[in-house]
Number of protein chains: 6
Amino acid sequence: MNRVPDEGLVWVPGGTLITATPEEGRALAAMMARHSVHNIQPDLDILVAGRPIYSANPDSLIAASQVIAIEFQTVAAANNYWRG
Amino acid sequence: MNRVPDEGLVWVPGGTLITATPEEGRALAAMMARHSVHNIQPDLDILVAGRPIYSANPDSLIAASQVIAIEFQTVAAANNYWRG
Amino acid sequence: MNRVPDEGLVWVPGGTLITATPEEGRALAAMMARHSVHNIQPDLDILVAGRPIYSANPDSLIAASQVIAIEFQTVAAANNYWRG
Amino acid sequence: MNRVPDEGLVWVPGGTLITATPEEGRALAAMMARHSVHNIQPDLDILVAGRPIYSANPDSLIAASQVIAIEFQTVAAANNYWRG
Amino acid sequence: MNRVPDEGLVWVPGGTLITATPEEGRALAAMMARHSVHNIQPDLDILVAGRPIYSANPDSLIAASQVIAIEFQTVAAANNYWRG
Amino acid sequence: MNRVPDEGLVWVPGGTLITATPEEGRALAAMMARHSVHNIQPDLDILVAGRPIYSANPDSLIAASQVIAIEFQTVAAANNYWRG
């Protein structure tokens, strides 16, 4: 099996939910969502094969964006919404 | 690849979740949802090709409106619901 | 294009999440959900054509009612659940 | 059109999210979900025709139970989880 | 109709969201989800007929586990996450 | 029936939502999601048969990652987001 590299399997990249800015927080949310997929399916060849399918399917793109939205709720709350 | 312009890839347009009004907050939520899609699929031609498909499909429209609803929960909480 | 009238494109009808009663709050939630759809697809003819499809499909009705439920979570929190 | 009776179109039956018990709160959540569907599709004949379809479809039943779960989150929070 | 027994129709088994442990809280969440389905479809024969369909379908299992996750959010919050 | 081992049926592995780090919290969230599936379908042969289907289907992977995101919201809140 052509396995996803170890750094792609980290559940919380950077080890913390705290980020300096909303922009970084949202990038973290997206990465967390992606790494969930890697952990469920760590075979890189299968992931790469699926990419052209879901990434050209509007419904899949909407579904993927929803996971980011849910992860971001958590990251934003952790950061008190960066209210300063 | 005909790439989405850089400003369409910003995760949090404006760099903050704080907005003056609920109206602006909801517009931000919608833009954040759209930019998630851009980041997952930055090829503008594929995005443009998908537009007539999902935007005439009631189920896709419902799904897309749900992502906005989830993003808006975060933006509204960040703004203490604009309670004033 | 036969465009949705401007008032159907307002993100937060009335400009506030605060309502006098839960009944009004839930009506606002439903309207916000509908206006999200209008903003994604502002062509009235396409919307009208889709109506008989989703509104006679139980799964679509369930999906639409879920968006209202999510929007209502936000409106209800904004109003401190009208605890009085 | 054979219209859903007026009481089936009330957004928040009873006019309040506050209930005496979790049992009543969850019954309210279910009723709110159902009334959302009524408001989107108030034609009783169409609703009655759809009932045998979704109510014998496991995926539809799961989807409908999810809407109740989301509505209940709101009702439970409104009641401070009936912690007493 | 071969009806689900009365105890399977209770919305909140035990009448409270408060449990001694997370383990019991999660079991309650799962039971609440199941009882929602019973209330929507109380015909035991239809439920039993649907069981082999959804329980061997990965997508249905994922969907059902999501409802449990949502119910558990409510139960966990009610119990202050059993922080002790 | 080739039954899932008892430890795979524990609703909250470890018996607590509290973890030392976000990384462990997210791993717990993923395990909780998986154990929900085990509890709904405890037949190991059916689960193993379903694995190649959903794990090579991008939409299923997105759906599964969403359940993890929802579970993680609960675990993260329980841990006050590990703010320290």
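Keep in mind the model is a prediction, meaning the values are calculated, not measured. (Residues numbered from 1 in each chain as written. Chains lettered and ligands numbered in written order. Predicted model: local features only at pLDDT ≥ 70, side-chain atom pairs only at ≥ 80, totals over all residues. Heavy atoms only, no water.)

Asker: Where do I start with the overall build of chain A in this structure?
Answerer: Along the backbone of chain A there are three helices and zero strands. Starting at the N terminus and walking to the C terminus, you meet the elements of chain A as α-α-α. Taking the principal axes of the C-alpha coordinates as reference, chain A spans close to 45 × 30 × 15 Å. With 84 residues in all, chain A has 60% of them scored as buried. Put simply, of all contacts in chain A between residues at least 6 apart along the chain, 71% involve residues at least 24 apart. Entry remark: accessible area of chain A is about 3,400 Å², with carbon and sulfur atoms responsible for 58%. (Helix = DSSP H or I, 4+ residues; strand = E, 2+ residues; numbered from the N terminus. Buried < 20%, exposed > 50% of the residue type's maximum accessible area, 1.4 Å probe, protein only. Contact = heavy atoms within 4.5 Å. Areas by Shrake-Rupley, 256 points an atom, 1.4 Å probe, with all protein chains shown as cover.)

Asker: Please explain the relation of the copies chain A and chain B as it appears in this structure.
Answerer: Comparison of the two chain copies shows a relationship of rotation about an axis with a shift along it. The operation relating chain A to chain B is a screw motion whose rotation component is 60°, with 0.0 Å of axial translation and a residual RMSD of 0.0 Å. A rotation of that kind, with that shift, is consistent with a six-fold axis. Rotation axis and chain A: the residue whose C-alpha lies nearest the axis is Ile 70 of chain A, separated from it by 7.0 Å. (Least-squares fit on C-alpha atoms with pLDDT ≥ 70 in both.)

Asker: For this particular structure, what's the right way to read the relation of the copies chain A and chain F?
Answerer: Of the transformation placing chain A onto chain F, the axial shift is 0.0 Å and the rotation is 60°, giving an RMSD of 0.0 Å. With a heterologous cut-off of 20% or less, the 16% of interface residues of chain A that recur at the interface of chain F puts this contact in the heterologous class.

Asker: When you look at the packing of helix H1 (residues 22-40) of chain A against helix H3 (residues 58-78) of chain F in this model, what are you seeing that I'm missing?
Answerer: The angle between the axes and the distance between the axes are what describe a pair of packed helices. With their axes 9 Å apart at the nearest point, H1 of chain A and H3 of chain F run at an angle of 120° to one another. Relative to H3 of chain F, the crossing made by H1 of chain A is right-handed. Here Met 32, Ala 33, Ser 36, Val 37 and Ile 40 of chain A of H1 of chain A come into contact with H3 of chain F, specifically with Leu 61, Ala 64, Ser 65, Ile 68 and Phe 72 of chain F. Partitioned by chemical class, the residues of the contact of H1 of chain A with H3 of chain F number eight nonpolar, two polar and no charged. (Axes fitted to C-alpha atoms, helices over the stretch in contact; angles between N-to-C directions. Left-handed = near helix turned anticlockwise from the far one by under 90°. Nonpolar A, V, L, I, M, F, W, Y, C, P; charged D, E, K, R; others polar.)

Asker: Honestly, the arrangement of the chains in this entry has me stumped. Any pointers?
Answerer: The two units chain C and chain F never meet; even their closest C-alpha atoms stay 14 Å apart. Spatially, chain D and chain F are disjoint, and the shortest separation between their C-alpha atoms is 12 Å.

Asker: What is the right way to read the interface of chain A and chain F from this model?
Answerer: Interface size is commonly expressed as the accessible area that is lost once the parts come together. Each partner contributes residues to the interface: chain A has 31 residues there, and chain F has 25 residues. Among the residues of chain A in contact with chain F, Trp 11, Ile 40 and Ile 70 of chain A are the three that bury the most area, contributing 27% of the side total. Applying the counting criterion to the chain A and chain F interface returns one salt bridge. A salt bridge links Arg 26 of chain F to Glu 71 of chain A, with the shortest nitrogen-to-oxygen separation between them at 2.5 Å. Remark: the boundary between chain A and chain F carries 14 residue pairs in polar contact (both at pLDDT 80 or more). (Buried area = accessible area lost by both parts, 1.4 Å probe. Salt bridge = Lys/Arg side-chain N within 4 Å of Asp/Glu carboxyl O. Polar contact = N/O pair within 3.5 Å; in protein donor to acceptor, adjacent residues only side chain to side chain.)

Asker: Even after reading the chapter, I still don't get the interface of chain A and chain B, so can you show me in this structure?
Answerer: Facing 25 residues of chain A, the contacting portion of chain B comprises 31 residues. For the pair chain A and chain B, the summed buried surface comes to about 2,300 Å²; carbon and sulfur atoms form 65% of the total. Remark: the boundary between chain A and chain B carries one salt bridge. Sorting the residues of the side of chain A that touches chain B by element identifies H1, helix H2 (44-54) and helix H3 (58-78) of chain A as the ones contributing at least two each. For the side of chain A that touches chain B, the class distribution of residues is 16 nonpolar, four polar and five charged.

Asker: It is not clear to me how unusual backbone geometry should be interpreted in this structure. Could you clarify?
Answerer: In this model, Tyr 81 of chain A sits at a positive phi of 60°, which is unusual for a non-glycine residue. Residue placement: Tyr 81 of chain A occurs in the segment after H3.

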